[in-house]
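# Architecture and fold: a report
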Amino acid sequence: MGSERRQHERVTKPFEGRWSGASGATECRISDISTGGCFVQSLTSAPKPGEQTTVTVSFGQNFSMSLTGTVVYVEPGQGFAVKFEDLPANDAAVFRAFIGQLAK
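What follows covers the state of the cysteines. With the rule as written, the count across this model stands at 0 disulfides. The thiol sulfur of Cys28 is not disulfide-bonded, and the nearest other cysteine sulfur, from Cys38, lies at 7.7 Å. Judged by relative accessible area, which is 6%, Cys28 ranks as buried. Of the residues examined, Cys38 reaches a relative accessible area of 6% and is grouped as buried.

Dropping the structure here:
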């Protein structure tokens, strides 16, 4: 059995969102999200590994956040994983606190 490699607390609940990058932009579902990254479920086009993309996550009607990161791998027909880049300190604190609350 493999060991857990994730360094950040994560939430596996799906969220509605949108991704955009050099390969295009589309609505999507976002799952398995943490302060380190997320998995973007997108059946249509996907960016290539190494491509920078912005993921906008809707955490309900009152809160959404846009996060920029790098695509680390693609699962054709399923979606792709994004590793978030360093957020500004204020945004990172808000995001960490929100993810912490959702993970409980």
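That shown, we press on.
A word on the side chain of Ser42. Mapping Ser42 onto the fold places it in the loop between strand 5 (37–41) and strand 6 (52–58). According to the relative accessible area criterion, Ser42 is buried, its value standing at 4%. Here Trp19 takes part through its side chain, which lies 3.4 Å from a polar atom of the side chain of Ser42. Dropping the residues within four chain positions of it, Ser42 is found in contact with Trp19, Thr26, Gln78, Gly79 and Phe80.

We now examine the nonpolar core. Ile33, Cys38, Val40, Val55, Val57, Val82 and Phe95 are the most contacted members of the largest nonpolar core, which totals 19 residues. Mapped by element, the contributors of at least two residues to this core are strand 2 (15–21), strand 3 (24–31), strand 5, strand 6, strand 7 (64–75), strand 8 (79–84) and helix 1 (89–103).

Rules used in this analysis
- Residues numbered from 1 in each chain as written.
- Predicted model: local features only at pLDDT ≥ 70, side-chain atom pairs only at ≥ 80, totals over all residues.
- Heavy atoms only, no water.
- Disulfide = S-S within 2.5 Å.
- Buried < 20%, exposed > 50% of the residue type's maximum accessible area, 1.4 Å probe, protein only.
- Helix = DSSP H or I, 4+ residues; strand = E, 2+ residues; numbered from the N terminus.
- Polar contact = N/O pair within 3.5 Å; in protein donor to acceptor, adjacent residues only side chain to side chain.
- Contact = heavy atoms within 4.5 Å.
- Core = buried A, V, L, I, M, F, W, Y, C linked by side-chain atoms within 4.5 Å.

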